[in-house]
Amino acid sequence: MAQANQETTMNIQSIKRVQSTIDDRLKACRQFFHQHGAAATNVSNLLGGERAQGRCIRLISELSEAQMLTRSHRLSLVGLHKLFTQYDAADFDSEDFWYVDIHPDDPRVEDICLLADQLFNLLVAIADDDEISEFLAQEMLVYAVA
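Here goes a summary of the coordinates provided. Note that this is a predicted model, so its numbers are computed, not measured.

Formed by 29 residues in total, the largest nonpolar core has its most connected members in Phe33, Leu77 and Phe84. Looking at this core, the elements that each hand over two or more residues are helix 2 (24–65), helix 3 (71–85), helix 4 (107–126) and helix 5 (131–145).

And the structure:
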């Protein structure tokens, strides 16, 4: 019995050790979706339809199983932010084009904007020296002008 407890303790300690090595950026992403996952999937569906909602759900699932935050994950997060801000809304030729008729006074608009801002803060926190940082720099210029 003592040996079984010792083995269990060793397994728990090794699990804790593995979890403590998980990338802090990945933890931040998991925390974001723990807090905002339902809202993110709902907004994805509203603004991008079932395909966008499916991509959001897939991203959440991948992040929950990942051992590290990959470039692909980060690009998907940028894509999600672009959807929330309707960054490519004028691209009628895009296969992802989805027209949403929401009046600016609709209360959902404020919630969507707040969610987009929180996702932007996450992107800033996980940015690296790559095109994601370039995108963030461009977005910060837009926010500074607005």
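What follows deals with the packing of helix 3 against helix 4. Helix 4 packs onto helix 3 with a crossing angle of 155 degrees between their chain directions and a minimal axis gap of 9 Å. In terms of their interaxial angle, helix 3 and helix 4 are classed as roughly antiparallel. The crossing of helix 3 and helix 4 is left-handed. In contact with Arg74, Leu77, Val78, Leu80, His81, Phe84 and Thr85 of helix 3, helix 4 contributes Ile112, Leu115, Ala116, Leu119, Phe120, Leu122, Leu123 and Ile126. Taken together, the residues that form the contact of helix 3 with helix 4 break down as twelve nonpolar, two polar and one charged.

Taken N-terminus to C-terminus, the directions of helix 2 and helix 4 make an angle of 150 degrees; their axes are 10 Å apart at the nearest point. The pairing of helix 2 with helix 4 is recorded here as roughly antiparallel in orientation. Two packed elements cross with a definite hand, and for helix 2 against helix 4 that hand is left-handed. Each of Arg25, Ala28, Cys29, Phe32, His36, Ala39, Ala40, Val43, Leu46 and Leu47 in helix 2 lies in contact with helix 4, whose residues at this interface are Arg108, Ile112, Leu115, Gln118, Leu119, Leu122, Ala125 and Ile126.

Thresholds applied
- Residues numbered from 1 in each chain as written.
- Predicted model: local features only at pLDDT ≥ 70, side-chain atom pairs only at ≥ 80, totals over all residues.
- Heavy atoms only, no water.
- Core = buried A, V, L, I, M, F, W, Y, C linked by side-chain atoms within 4.5 Å.
- Buried < 20%, exposed > 50% of the residue type's maximum accessible area, 1.4 Å probe, protein only.
- Helix = DSSP H or I, 4+ residues; strand = E, 2+ residues; numbered from the N terminus.
- Axes fitted to C-alpha atoms, helices over the stretch in contact; angles between N-to-C directions.
- Parallel < 35°, antiparallel > 145°, perpendicular 65-115°, else oblique.
- Left-handed = near helix turned anticlockwise from the far one by under 90°.
- Contact = heavy atoms within 4.5 Å.
- Nonpolar A, V, L, I, M, F, W, Y, C, P; charged D, E, K, R; others polar.

Any functional reading would require information that these geometric values do not contain.
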